[in-house]
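So you can see what is in the structure, the chains are spelled out below.
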Amino acid sequence: MNFPLPLKAVVIDLDGTLLDTAPDLADAAMAMAADLGLPPVDLAEVKTYIGNGVSRLVKRVLTRDLHADPAPELFARALPIYERHYAEWVSRKTCPFPGVVEGLQAIKASGVHLACITNKAARFTHPLLKDTGLIDFFELILSGDTLPEKKPSPLPLLYACSVFECEPAELLLIGDSLNDAQAARAAGCPVFCVPYGYNRGRPVAELDLDAVVTSLAEAAKLIARK
């Protein structure tokens, strides 16, 4: 692939790409586990559970497994407890990763469309972006409950293509995980990943990507307006 990429739009993941949300997610998980009388969970473990939305995060905390499902009754009790704690603490410790603000400024200045696409529910997404000062960068925000499907489905990316009137090859996804890589490839979009996020504890260099970028600021240097 030749750089800089000629693009009409850039869409960016939230957790692990724009924002270091893990401390607040972990605090809510610790509080939920304590409320339910479960063994404690720590920040390092919670980081490996992030990436498929709050429901799957709660299931992973309950089972301590990436793919298992807890008893339905336990999950039904646990989810509202987690959501209550997380809503209270959603941006208490969360902050942008290094290079994020500079990268967003540079991408915006290049004239391409800019969107945030996350699997996090809208009730958490919008307060987070607002509290951290990032919300005004984005023309479009798609949360995990905005559309019928979320990443790794290609639907959110294809929806963004329709909004921005561009072809998938003209829309870049910047993320941090397998979900992002799979969604981009399914949609036919180029994809970059940052190495500092929450890819279930695995290095992003193992993924099918067009580039690994150390920061959004570095990513901005690899794109150009089409």
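That block above? That's the structure.
Residues numbered from 1 in each chain as written. Predicted model: local features only at pLDDT ≥ 70, side-chain atom pairs only at ≥ 80, totals over all residues. Heavy atoms only, no water.

Points about the pattern of salt bridges
- For the coordinates displayed, the defined rule picks out 14 salt bridges.
- Notably, a salt bridge pairs Lys8 with Glu170, separated by 3.9 Å at the nearest N-O pair. Here Lys8, found in the loop between β1 (5-7) and β2 (9-12), pairs with Glu170, found in the loop between α7 (155-164) and β7 (171-175); they are 162 residues apart in sequence, far enough to count as distant.
- Its salt-bridge partner being Asp69, residue Lys59 comes within 3.8 Å of it at the nearest N-O pair. In this pair, Lys59 is assigned in helix α3 (residues 54-63) and Asp69 in the loop between α3 and α4 (72-89), connecting sequence segments 10 residues apart.
- Each of Lys8, Glu170 and Lys226 takes part in one network of salt bridges that share partners. (Salt bridge = Lys/Arg side-chain N within 4 Å of Asp/Glu carboxyl O. Helix = DSSP H or I, 4+ residues; strand = E, 2+ residues; numbered from the N terminus.)

Remarks on the sheet that holds strand β6 (residues 140-142)
- Strand order across the open sheet formed by six strands is β6-β5-β2-β7-β8-β9, with parallel pairing between neighbours. Since the sheet does not close on itself, it has two edges, and those belong to β6 and β9 (211-212), each with one partner.
- As defined by bridge partners, strand β8 (residues 191-193) adjoins β9 across two bridges and the pair is classed as parallel. Bridge pairing links Cys193 to Val212 in β9.
- The strands that helix α8 (residues 178-187) touches are β7 and β8; relative to β8, the one it contacts most, it runs at about 170°. (Pairing = 2+ DSSP bridges. Contact = heavy atoms within 4.5 Å. Axes fitted to C-alpha atoms, helices over the stretch in contact; angles between N-to-C directions.)

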